[in-house]
Amino acid sequence: MTEKRISSAVIKRLPRYYRYLSELLEKGIDRISSQELSRTMNVTASQIRQDFNNFGGFGQQGYGYNVAVLREEIGKILGLDKKYNVIILGAGNLGQALANYGGFSKRGFIVSGIFDVNPDKIGQKIGTVQVRHMSELQNFFENNKVDIAALTLPKAKAPEVANELVALGVCAFWNFAATDLNLPAHVVVENVHLAESLMRLSYNIANLDKK
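So, how was this worked out
- Residues numbered from 1 in each chain as written.
- Predicted model: local features only at pLDDT ≥ 70, side-chain atom pairs only at ≥ 80, totals over all residues.
- Heavy atoms only, no water.
- Pairing = 2+ DSSP bridges.
- Helix = DSSP H or I, 4+ residues; strand = E, 2+ residues; numbered from the N terminus.
- Salt bridge = Lys/Arg side-chain N within 4 Å of Asp/Glu carboxyl O.
- Buried < 20%, exposed > 50% of the residue type's maximum accessible area, 1.4 Å probe, protein only.

## Considering the sheet that holds strand S5 (residues 125-126)
Logical step 1: A sheet is described by the order of its strands in space; here 7 strands give the open sequence S5-S6-S4-S3-S7-S8-S9, paired in mixed fashion. Each edge of the open sheet carries a strand with a single partner, namely S5 and strand S9 (188-191).
Logical step 2: Pairing of S5 with strand S6 (residues 129-133) involves 2 bridges; the strand directions are antiparallel. If you follow lysine 125 over to S6, its bridge partner there is glutamine 130.

Here is the structure:
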């Protein structure tokens, strides 16, 4: 892979490419051109070729792209050829939904621990994982490797818990808490603020007649 910096817009499109290519494989399609992929993705063929050229191209002139090979290469770029151990902090409705979603394990994201402070939830199983008390975090980390922490906590608790997890060695967070995290520069944070997404949708609906 080239060492030049890849724009966030390109990186944002990669999971979409991966998803569409997966759907093509399920349909038994083994080859596709940038023009055909353009119609499916609603991205120009030129943009698709530019995106892939950031990573070496992958296509053959007059042939297009081998769907299986392209999906595999994009998967490698996204790190999906690896396994990641994920813990979920907060066993409420959202935490349970994440734990029960089977699509994560198919892509290498393995939920290995779920933590909460509600005594009614401690000991319950969500999927195949038993909910532990937050006080067990230290012991869990001594016996398990953790790559990603998903925060589905109240926003007042999220910063404190995130800092505790950083001290335990977590370097990647999937943050669903309605707050921003002030963490060290080496820590990767992907924020998923659902209310903000809904407000953007509201804005676009309100401005439909202006487009």
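## Here's the deal with the pattern of salt bridges
Logical step 1: Overall, the coordinates contain 6 salt bridges when judged by the stated rule.
Logical step 2: Put simply, arginine 132 and glutamate 136 hold a salt bridge, and the shortest N to O gap is 3.7 Å.
Logical step 3: Looking at glutamate 136, the relative accessible area reads 30%, which means it is partly exposed.
Logical step 4: One salt-bridge network, held together by shared partners, links Glu72, Glu73 and Lys76.

## Details of the pairing of S6
Two faces belong to every sheet, and in a regular strand the side chains alternate between them.
Logical step 1: As defined by bridge partners, strand S4 (residues 109-116) adjoins S6 across 3 bridges and the pair is classed as parallel. Paired with phenylalanine 115 across the strands is arginine 132, a residue of S6.

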